[in-house]
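Residues per chain, in single letters:
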Amino acid sequence: MVRESPKSSFERINYYLRPNKQVERKLMIEMLQQIRRELDISSYCYLGMGSIYYYDYILFHKMLSIDDMISIDNKTAIKRFDFNKPYEFIKFHNCITTDYLRMHDWQKKKTITWLDYDTTFGKGEPCIIADLKILGINCGKNDILFVSINSTSPEDSKGKDFLEKYKTYISPPFKILRFTRPKYFPELLQNIVLNVLKEGCEYNKFKFYKMCSFTYKDGAPMYTIGGIFTDDAEFPQKLASLHDIISLDTAQIHKINIPNITYKEKFYMDSKINSLRQWFEDSEKEVDKLGLDDEEEKKERIANLLYNKMDIELSPDDVKNYLAYYKYFPQYYEGII
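Residues numbered from 1 in each chain as written. Predicted model: local features only at pLDDT ≥ 70, side-chain atom pairs only at ≥ 80, totals over all residues. Heavy atoms only, no water.

1. A look at the layout of surface pockets
The test is simple: Each cavity reported here is a set of points on a 1 Å grid over the protein atoms alone in which a 1.4 Å probe fits but cannot get out, each pocket an open set with protein on both sides within 12 Å along at least five of seven lines, and each lining residue one with an atom within 4 Å of a point. Grid points are joined across faces, edges and corners, and a volume is the space filled by probe spheres set on the points. For the purposes of this entry, the term helix denotes a DSSP run of H or I that reaches at least four residues, the term strand denotes a run of E that reaches at least two, and both are numbered from the N terminus. Three classes are used: nonpolar for Ala, Val, Leu, Ile, Met, Phe, Trp, Tyr, Cys and Pro, charged for Asp, Glu, Lys and Arg, and polar for all others, with Gly counted as polar.
Estimates place the volume of the second largest pocket at around 580 Å³. Around the second largest pocket sit 21 residues that line it, and P182, K183, P186, T215 and K255 are the ones nearest its centre. For the lining of the second largest pocket, the secondary structure elements donating two or more residues are α2 (19–35), α8 (185–201), β6 (207–217) and β7 (221–230). Among the elements that make up the lining of the second largest pocket, the one with the highest residue count is β6 (3 residues). Per-class residue counts for the lining of the second largest pocket are 10 nonpolar, 7 polar and 4 charged.

Following this line, the structure appears as structure tokens:
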């Protein structure tokens, strides 16, 4: 008899239908494809949390030719995890991430690890910090790491508690309440993750170099950071020249927020993509000449200029986000399989 229990994230959310998450996946894949010019990515082991959908595994195998794959999950639906494996070479381990990371053979093969947590930092503790320390201590040269965390910020009344609880891992500039608010909380999470990894790396001859970070929201807000372990400080600089998304700036975070538009609107903007980019740039320049200080007024004036040029009404932010990520925009269709 199956015991009723609170639904897991894979039961509440269809992982196939997360458009901003899908943009993130495509950016990561494209970045790794470019890194293949310097590293033999297809020879890596991919270690992640595939859920019952294994979407990342399908992409990593098809797009990067990786066929050594491990998935971790401690949920009770073991049969579903095994049944839904898209490839027989995926090894599934039914345990918490900390337990598996301790026993993984880090010396056997270079590894791409993606720990995609569905919990907030507070609720995911002590697992998340323990995992990051294990990775910092054990990852080898040119191992690649991605970490995704639910970035729902603490309630106002609990901001001080959060800062106090994690003060060991927070750099002085971030020890203020502002960084516990939704707009700035990803910056605080990023600082904590980098500091925990740095502490772990003190027992390792390799340092962690950040290459990218994202925020996005398909329901709960999420924050993702990615980087590489190496003892060659110049190597990350070489990788940064391979793709626009790669940046060693520890403060930079890319916000993925694709607009909700119809397919007809998407096809219209794709067909006018060069014109759309020019319209947006011209509108920004024209408004900049006015010397306005109010950001909302600037956006309103840009919106009015775009309205006169486009066949549809979209906010300047929507147009800007579409221009940034249109190549990765997912498309969903119903079909009979």
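2. Section: the side chain of D131
To keep it simple, the criterion reads: Whether two residues touch is decided by their heavy atoms; if any such pair falls within 4.5 Å, the residues are in contact.
For D131, the position within the fold is in helix α6 (residues 127–138). Not counting residues within four places of it along the chain, the set of residues in contact with D131 comprises T97, T98, L101, L115 and Y117.

3. Describing the sheet that holds strand β8 (residues 254–255)
The condition is simple: Pairs of strands are assigned from DSSP output, requiring at least two bridges between the strands. Axis definition: a line fit to C-alpha positions, over the contact stretch in the case of helices; interaxial angles, taken between N-to-C directions, run 0 to 180 degrees.
Spatial strand order, β3-β2-β1-β4-β5-β7-β6-β8: 8 strands in an open sheet with mixed pairing. Two strands close off the open sheet at either side, each with one partner strand: β3 (90–93) and β8. Pairing of β6 with β8, which is carried by 2 bridges, proceeds in the parallel orientation. Across the sheet, the residue bridging to T215 is K255, located in β8. Against the sheet, α6 engages β4 (111–120), β5 (144–150) and β7, with an angle of about 165° to β4.

4. Some points on the pairing of β5
Threshold: When a residue's accessible area, from a 1.4 Å probe over protein chains only, is under 20% of the maximum for its type it is buried; when over 50% it is exposed; and in between it is partly exposed.
For β5, the tally of buried residues reaches 7 of 7 residues, placing the bulk of the element in the interior. Residues I144, F146, S148 and N150 of β5 are buried on one face, and the alternating residues L145, V147 and I149, pointing to the opposite face, are buried as well. Two strands pair when backbone bridges link them, and β4 and β5 are joined in this way by 6 bridges, in the parallel orientation. Looking across to β5, one finds that I112 is bridged to I144.

5. Digging into the pattern of salt bridges
What counts is decided by this rule: Every case where a carboxyl oxygen of Asp or Glu lies within 4 Å of a side-chain nitrogen of Lys or Arg is listed as a salt bridge.
All told, the structure shown has 14 salt bridges when counted by the stated rule. With a closest N to O distance of 3.4 Å, E297 and R301 form a salt bridge. In this pair, E297 and R301 both sit in helix α12 (residues 295–309), 4 residues apart, roughly one turn of the helix. On the basis of relative accessible area, E297 is assigned to the partly exposed category, the value being 30%. A relative accessible area of 38% places R301 in the partly exposed class. Put simply, K299 and D317 hold a salt bridge, and the shortest N to O gap is 3.0 Å. Here K299 is found in helix α12, whereas its partner D317 is found in helix α13 (residues 316–325), with 18 residues between them in sequence. Using a relative accessible area of 32% as the deciding quantity, one classes K299 as partly exposed. Residue classification places D317 among the partly exposed residues on the basis of a relative accessible area of 37%. Shared partners join several salt bridges into a network, and the residues in it are K21, E24 and D116.

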